[in-house]
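# An overview of the molecular structure
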Amino acid sequence: MANLFPENDDMNWTEVTEPEAIEESGAIFGRSWRYDFEAGEFVMSPTHKIMSADEREAWVIWCEKAIRTPRYRHLIYSRDYGSELEDLIGMDYDHDLQESEIRRMVTETLLTDTRTESVDQFVFSWEGETCRFSCRIANTRDETEIIESEVVV
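Every value quoted in this text rests on a predicted model; they were computed, and no experiment measured them.

### Overview of the sheet that holds strand β9 (residues 144-152)
With antiparallel pairing, three strands are arranged side by side in an open sheet as β7-β8-β9. For this open sheet the edge positions go to β7 (116-127) and β9, each flanked by a neighbour on one side alone. Strand after strand, the sheet turns through a mean of 20° between neighbouring axes, direction not considered. Note that strand β8 (residues 130-139) and β9 share nine bridges and pair antiparallel. Note that in β9 the partner of Ile137 across the bridge is Glu145.

Listed below in structure tokens is the structure:
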């Protein structure tokens, strides 16, 4: 009977089994699926297949999702994943203090990923009880992106 697990020294398994590159910083960049946060669904191709995201886009999607996911709410995520922005709801702080807390919480959330090098250049705008903010994120490959989100306080 033929062997189900052939042994062939000519085959190079490392290219097949290790699709992600480990950086010097220990960061693992990999691909993911594209996600449309406004529509709340995965991005589909014209043939109705979920479109993939490259390594940089996958990191940005991870950052946006981590900010939007409440920490400790879902058992599927580790205790290090997600943000605590919901803790600001109902707090009667002035805008400066709330902006400071948003800056701290978002930075802590995103720096848990080894791919993220820095989070800075926050910009805030207020409309009633809603604080919209944007910030610049940089990864260990010196790639940057501006991400946006909002908090209702």
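From this point, things continue past the structure.
### A look at the side chain of Ser134
The topology assignment puts Ser134 in strand β8. On the basis of relative accessible area, Ser134 is assigned to the buried category, the value being 14%.

### A look at the pattern of salt bridges
With the rule as written, the count across this model stands at eleven salt bridges. Between Arg132 and Glu150 there is a salt bridge, with its nearest N and O atoms 3.3 Å apart. Separated by 18 residues along the polypeptide, Arg132 in strand β8 and Glu150 in strand β9 bring together distant segments of the chain. What makes Glu150 partly exposed here is its relative accessible area of 41%. Each of Glu101, Arg104 and Glu108 takes part in a single network of salt bridges with overlapping partners.

The rules behind the values
Residues numbered from 1 in each chain as written. Predicted model: local features only at pLDDT ≥ 70, side-chain atom pairs only at ≥ 80, totals over all residues. Heavy atoms only, no water. Pairing = 2+ DSSP bridges. Helix = DSSP H or I, 4+ residues; strand = E, 2+ residues; numbered from the N terminus. Axes fitted to C-alpha atoms, helices over the stretch in contact; angles between N-to-C directions. Buried < 20%, exposed > 50% of the residue type's maximum accessible area, 1.4 Å probe, protein only. Salt bridge = Lys/Arg side-chain N within 4 Å of Asp/Glu carboxyl O.

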